Structures are given as structure tokens and as C-alpha cells.
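Analysis of the macromolecular model
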Amino acid sequence: MKKEIHIFFTALMFFTRIPCPKWVDHNPTYLKKSARYVSLVGILVGSIAALVFYGTSCILPLEIALLLSMASSIYTTGAFHEDGFADVCDGLGGGWTKEKILLIMKDSTLGTYGVIGIGLLLAMKFAALREVPVHYIPLAIISGHSLSRFIATTLLYTHPYVRETEDSKAKPAAKNIGIGIVIVSGLIGMIPLLFFKSPFVLLVIIPMYLSKMYLGAKFTKWLGGQTGDCAGAVQQLSEVIFYISLIALWTYI
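This one's a predicted model, so the numbers in the text were calculated from it and none came from an experiment.

Conventions adopted
Residues numbered from 1 in each chain as written. Predicted model: local features only at pLDDT ≥ 70, side-chain atom pairs only at ≥ 80, totals over all residues. Heavy atoms only, no water. Salt bridge = Lys/Arg side-chain N within 4 Å of Asp/Glu carboxyl O. Helix = DSSP H or I, 4+ residues; strand = E, 2+ residues; numbered from the N terminus. Buried < 20%, exposed > 50% of the residue type's maximum accessible area, 1.4 Å probe, protein only. Expected span 1.5 Å × (residues − 1). Contact = heavy atoms within 4.5 Å. Phe/Tyr/Trp six-rings, centres within 6.5 Å; stacked < 30°, edge-to-face > 60°. Lys NZ or Arg CZ within 6 Å of the ring centre and 35° of its normal.

**Let's talk about the pattern of salt bridges**
- For the structure shown, the criterion picks out 3 salt bridges.
- The salt bridge partner of arginine 36 is glutamate 4, with a shortest N-O separation of 3.0 Å. Of this pair, arginine 36 sits in the loop between helix H2 (28–33) and helix H3 (38–57) while glutamate 4 sits in helix H1 (residues 2–15), and the two are 32 residues apart along the sequence.
- The closest approach of N and O atoms between glutamate 239 and lysine 125, which form a salt bridge, is 3.4 Å. Of this pair, glutamate 239 sits in helix H12 (residues 228–248) while lysine 125 sits in helix H7 (residues 112–131), placing them 114 residues apart in sequence. Across this residue pair, the class does not change: glutamate 239 and lysine 125 are buried.

**Regarding H1**
- The terminal C-alpha atoms of H1, which comprises 14 residues, lie 20 Å apart, in line with the 20 Å expected from a rise of 1.5 Å per residue.
- Listed as buried for H1 are His6, Ile7, Phe8, Thr10, Ala11, Leu12, Phe14 and Phe15.

**Some details on the environment of tryptophan 250**
- Locating tryptophan 250 in the fold gives a position in the segment after H12.
- Through-space distance from the C-alpha of tryptophan 250 to that of valine 132 is 8.4 Å; in sequence the pair is 118 residues apart.
- Beyond its immediate stretch of four places on either side in the chain, tryptophan 250 contacts Val132, Pro133, Tyr136 and Phe196.

**Overview of unusual backbone geometry**
- A positive phi is found at alanine 79, a non-glycine position, where the angle reads about 55°.
- Residue placement: alanine 79 occurs in the loop between helix H4 (62–77) and helix H5 (80–94).
- For alanine 79, a relative accessible area of 23% translates into the label partly exposed.

**Some remarks on the packing of aromatic side chains**
- All told, the structure shown has 10 aromatic pairs when counted by the stated rule.
- Plain terms: the ring middles of tryptophan 96 and tryptophan 222 are 6.0 Å apart, the flat faces sit at 75° to each other, and that makes the pair edge-to-face. Here tryptophan 96 is found in the loop between H5 and helix H6 (98–106), whereas its partner tryptophan 222 is found in helix H11 (residues 205–222), with 126 residues between them in sequence.
- For tryptophan 96, a relative accessible area of 67% translates into the label exposed.
- Ring geometry for phenylalanine 242 against tyrosine 243: centres 5.6 Å apart, planes inclined by 70°, an arrangement best described as edge-to-face.
- Overall, the relative accessible area of 0% leaves phenylalanine 242 in the buried class.
- Chaining the aromatic ring pairs together yields one cluster made of Phe8, Phe9, Trp23 and Tyr37.
- Residue placement shows arginine 17 over the ring face of tyrosine 75; its charged tip is 5.1 Å from the ring centre.

Laid out in C-alpha cells, this is it:
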């Protein structure tokens, strides 16, 4: 039990800014195993964003409450996944070889493709959440954060890690993981779906996974695998796909 708690805190420390006990570090072994708790971290991050939305929507217009909720999740994670999405946009948009794409993705400077990509992504996330019935928005936020992180873990299972440098802190977390870790992540990630009224909500997993397959095909073609930024891009895109799919299925759920 103590070991599992250590692994969970490792995931929490790596993927968020939430304070952790001082004895938690970036142990490569625990960092790789921490993928099993990424969905649980998503539930926690989503709960913070949902709480901010619920609290601010009582006194502020819906649109402002949604923006504050989105800002709270970005602050909680330090824009960890958003940065990965923007880097992928820059890399695939401006690079024509594996080496060039990886170099662009590692560059801390944000380019045109990254700015446009992250801007459109956040706008789509806001617009989609705006269409969800107000009383379901907190649950939608929590579910979107948890399920999208599960989808991101499947990329680590199906695609090899390709960045050759050893100085990447994300390498242990982004390298191939076992099927057991994916199953645990999936079971945890689907917990929020139990609070919806209809089992039809499970259908959202299909378009979410298809979005992962689409990006995965791109990564295979241009990189031969994935990096930590790729997993971040999958998480962000699948989260937006979740909200859009929820709207499409709303009549049935």
C-alpha cells in the first residue's frame, strides 16, 4: 500500500503543481508505473476545475465561470498537456523530417502553428462546454479530464518512445507501458461515467479513441512512435472530442 501511495504521489507531482510530500521524487521506476494513476490525477484536476465552475457560476455569468474553470485546470497542471499539444502542432506543421520535427518540439519557443492550434483548441473546449446543460457541466469536466488521460495512456502502450536523448525528465513516463497499467487507468478513468443516467455515455470512448488513432497514425508516419508531447496532444484532443461527443449523444444520456 505504501508503495502504491508513493507511485500515486509521483504521478501527482509529475503531472500537476499540487504540493506533494518531500519524500516523493522523480524515481524512474515509480514514474513509469505512475501511468496507472494518470486517470485518477485527471479526476482530481477535473474536480478542482468543476469546483471552481460551480462556485463562480453562482455569482458570475456562465461564460466567465467556464473560463475561470479552464484557467484553474491549466494552472493546476502548469499547462503540461496544453504545451505538448502546441509543440506537436509546431513540430508537425513546420518539420519535414523526424529529426527536424523532434528539434522543433523540444524548442521552448512557441511558433505560429502552436499558437493557432492551442487557441482553436481552447476555443472549441469552451464552446463545447457552453452547450452542455449547466447542471451537468461539473460532471462533464471531471469525466473529460479523467477519460482523456486514459486515452493518452493507450498511446504509450501502442507506440514506442522515439526521442533518443537521455536528458528528458518525461522519458520514464512516456516509454512503453504494460497492458495492466492501461487497464487500471481505464477502470479509474471511467468511474465518473457511472454518475450519468444512461450507459449510452460509454459510446463517447469510441470517437475519443479514434482521435488517438488518427494522431497515432501521424506520429508513426513522421516520428516512428511517440514522445511525451505526443501523449499531451492526445489528451487535449480527446478531451475536446469527449465534450463534443457528449453534446451529440445528449438526447440518449
